[in-house]
Amino acid sequence: MFFLIVSLMAVLSSGENSLLNAYFPGDIIIGGLFPLHLQTNRTTIPGPVSCSHYNFQMFLQSQVMIYAIREVNERMPNLLPNISLGYHIYDTCGDVTFAIGATLRLVKDWLEPQMCLLPPNTHPNVMAVIGERFSEVSIAVSRVIAQSSVTQISYASTSELLSRKLKFPTFLRTISSDEYQTKAIVELVREFNWKTVAIIGSDDEYGKYGSDRLAHHFRETKDVCIEFIDILPGYFSQNNSQTHKRLSVLVNNINKSTAEAIILFTKGSNVDVIIEAAIKHTLNRTWIASDSWSSSPQLAALPGIEMAGQVFGFNSQRNAVPGFKEYVMSMFNGTTNALLDHHLSHYPLCSNRSGDVNCSHSKHELGQCLDLSCLVNHIDQEETHNIYLAVHVIVEGIRRLLKCDNQQCERHADFTPLELLMEIKKVNFTIDTTHIFFDVNGDPSLGYDILFWDQTDKTQRERIKVIGEYWPNGNIRVPHDIVQKMQSVKVTAYNCSKTCPPGQELKKQNVHLHCCSDCVQCAEGEFSIGQGDECRRCSKNEYSSPERDKCLEKNIEFLHWSNVFIIILSTLEGLGIILTIVFAVLFAIYHGTPIVKAVGGYLCFLELTSLLICFCLTFCFPGKPTKVSCMIGMPLFGIAFSLCISCILANLLQILVGFRFDLKTKSWLNKLNHPLAVVAVVTGLQLAVCVPWLCLYPPFPEPTSLPKSILLQCHKGSTQFFIAMLGYNAVLALISFLFAFKGKQLPDLYKNASLITISMLLYLIIWVLFIPIYINLFGVHKQAIESAAILVSSYSILCCHLAPKCYIMVFKKEINDEKAITEYIRKHYEDKGIAVVK
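## A look at the pairing of strand β2 (residues 28–34)
In terms of burial, β2 is largely enclosed, as seven of its seven residues are buried. The alternating pattern of β2 places Ile 28, Ile 30, Gly 32 and Phe 34 and Ile 29, Gly 31 and Leu 33 on opposite faces, both of which are buried. By the bridge criterion, seven bridges tie β2 to strand β5 (residues 85–91) in an arrangement that is parallel. When the bridges of β5 are listed, Gly 31 appears paired with His 88. Examined bridge by bridge, β2 and strand β6 (residues 126–130) share four bridges and lie parallel to one another. Bridge pairing links Gly 32 to Ile 130 in β6.

And the structure:
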């Protein structure tokens, strides 16, 4: 900072120290920084710099500060008893260098000694500074003022950057931050259901940060597309070839744009150039104005402004400064100051006041007389009221610091700028109808007026109308009829869809127009409630309706008991249980007969028990699967069927031992002829497979999500254990088949071996067919196939092996006799030429 100030000394001593300024003495001096001239002739080539573009609005703003100070001194003496206020106001020309020079003159005695390189100053130091207008200039000024702890209160600088107290500890303002203004713009765009915007900013603190915040907020909303962001260079407002070329590119971009609204967030001098071009090229767009130009009477009065298009804008809530208009009309109440003298020397008052005065000219030539009634048209109510507020904020801070009542102050005016700053930060009072206080960032809690340029109104001042409000808490108020009119537009003038019927979403279809969307049907499993909302996936338990406008609950599908196939299977299962019980009763009645002994004796009861279990297990497959039903289904079938086959295998070994005459083979078979041991070992091996299966990877109910339903089936838990179980039973069936086939050659009156051969063959065929069907089948009937396979397997043994024995017991009792068996064996061997002992 020290080197910056030193570098300015040469500038200040070389002619730029003749800045236009006005001074009025007082016990406490308030500084003022106003850009009475809006531009300079500064270029990249060093040389003398002068100010240009004198502005009536800025002149009147400087006079508001003077008016407010005079009002406190003369009309409100009880505010600061026995203390007078003075002012020292500089014209900064909207230039950073001029503004820093003026600031150094105002606060130089408060700076550190090594910084005091300015010429001696006869005026007392200021205790607070009002200004500057432009954010870029205020930022530079604030960095200097912060060194002295002098309070700076801006009436128009809205850059969010200035809210950072670590960088700008002494900066306060009587206008809302751009943080709220940008949020207000975003809320208006959403309220009007605009889906596409373009943002035009500028390469300065105000335009750059404002554009960045707008882009950030729009991206957060996710329902507004930014077609382009154009940051104008610093030279844009200058009338030269560079400006014309850059303007041509901008106009071309706007012409090609499909944006429903173009946001101009830049300083007024840039806007002048753009709006004039919009009129010239009849752009007829919708513009959103930032507070830098939303209430500009000069722009609103431009000839052909309706050709540019409609304008919405934001401005700090406007209140007229009490009595100021009358003060101006009274020729400033006979007062005089250097700024007023300068104004009157260039724009003298018109002496002829007869008849109506024409104030329609937006620009006045130098030296041309100006009627006071035309001058008051240039009063900007927003900024003038903010200046008025700033003066009264400083006065309130002084009252608090000096402990003043309406009669006297307890303390003398010998305080430091830091003491005043601390008190100003605490102010909380109401002036007229405006309540003002500062948050921790030095920002006031003031709302915005939403403006609309009514171009059908031919009166310049009445064109800019307040149509709504926005408050920092996010509340926005806009007339319902305007909102309804804006939201009723379904397709823009550029043939882009803004909203869609339920079941469709807005999707960008053209790569060249990345913000132009069409309505596209939602995909299967997605839905959209309408208004162009993005299609969203239904939950895993839901599916989309045919119209794709809602999600419907998926049906839980499983093998219902009402299924025709299940009814048939259940009937057969019940019949199987009954037959098994009947057979068991018959075997119990005839347990001492040869035919029961031929089937294995007590083994046949184990066999019937296992078949009964198998028939009962088939009832686990229909109905809604549960953890228990899944666990006892296939694993228990594997164990029960192994028990059944082991009984048959033990019976076959008995037959082979009884009729085998080869001593060597018979000796080997005798070792295996232990029925209980065979049953225990054979069944035990299956248990060794199924018990770990149930313990480690038990079957469980598994929901499978289908497009419109949820299929609930039993998952096997472990495919390897499932295959091992089936494979083991298949091996047992194959061994039994081979033994039975071998036993067909033996004298068997009851055809036991032949019937076992058939039953085992049927079992093997059933499960060979089951495997490919089971693998390829999908749906609720997959478990029905398992149930059917178990049922047919059980029936193959019940009907082929045991039913014929029951038939003999009931209807062929004559052969259920030991003599019949003996006679049959004798005859069998005689037919083979083998002698039989009688």
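## What about the packing of helix α16 (residues 564–589) against helix α25 (residues 781–811)?
One way to put it is that α16 packs onto α25 with a least axis distance of 9 Å and a crossing angle of 30°. The orientation of α16 relative to α25 falls into the category roughly parallel. The element α16 and its partner α25 pack so that their crossing is left-handed. Tallied by class, residues from the contact of α16 with α25 come to 19 nonpolar, four polar and two charged.

## So, the pattern of salt bridges
Tallying each qualifying case throughout the model produces 19 salt bridges. Between Asp 454 and Lys 465 there is a salt bridge, with the nearest N and O atoms lying 2.9 Å from each other. You can see Asp 454 sitting in the loop between β16 (448–453) and β17 (464–470) and its partner Lys 465 sitting in strand β17, a full eleven residues away along the chain. Of the charged contacts, one joins Arg 477 and Glu 469 as a salt bridge, the two residues approaching to 3.6 Å between their closest N and O atoms. The exposure class of Arg 477 is partly exposed, given its relative accessible area of 45%. Taken together, the shared-partner salt bridges connect Glu 160, Glu 179, Lys 183 and Arg 213 into one network.

## A look at the confidence of the model for the protein
Per-chain confidence: the protein averages 83 in pLDDT, with 86% of residues scoring 70 or above. Across the protein, the element-wise mean pLDDT spans from 43 in helix α1 (residues 2–16) up to 94 in strand β7 (residues 151–154). Long-range and interchain partners of residues 1–17, a stretch whose pLDDT sits below 50, account for 27 contacts in this model, where long-range means more than four residues apart. Segment residues 113–118: pLDDT under 50, and 14 contacts once partners within four positions in sequence are set aside and those in other chains are kept.

## A closer look at the sheet that holds β17
An order of β10-β9-β11-β12-β13-β16-β17-β18 is seen for the eight strands of this open sheet, with the pairing classed as mixed. Each edge of the open sheet carries a strand with a single partner, namely β10 (225–232) and β18 (476–477). Of the strand pairs in this sheet, β16 and β17 are connected by six bridges, and their pairing is antiparallel. Each residue of the ladder has a partner; that of Trp 453, found in β17, is Ile 464. With respect to the sheet, helix α6 (residues 205–221) is in contact with β9 (196–202), β10 and β11 (261–264), its orientation differing from that of β9 by roughly 160°.

About the thresholds
Residues numbered from 1 in each chain as written. Predicted model: local features only at pLDDT ≥ 70, side-chain atom pairs only at ≥ 80, totals over all residues. Heavy atoms only, no water. Buried < 20%, exposed > 50% of the residue type's maximum accessible area, 1.4 Å probe, protein only. Helix = DSSP H or I, 4+ residues; strand = E, 2+ residues; numbered from the N terminus. Pairing = 2+ DSSP bridges. Axes fitted to C-alpha atoms, helices over the stretch in contact; angles between N-to-C directions. Parallel < 35°, antiparallel > 145°, perpendicular 65-115°, else oblique. Left-handed = near helix turned anticlockwise from the far one by under 90°. Nonpolar A, V, L, I, M, F, W, Y, C, P; charged D, E, K, R; others polar. Salt bridge = Lys/Arg side-chain N within 4 Å of Asp/Glu carboxyl O. pLDDT = per-residue confidence, 0-100. Contact = heavy atoms within 4.5 Å.

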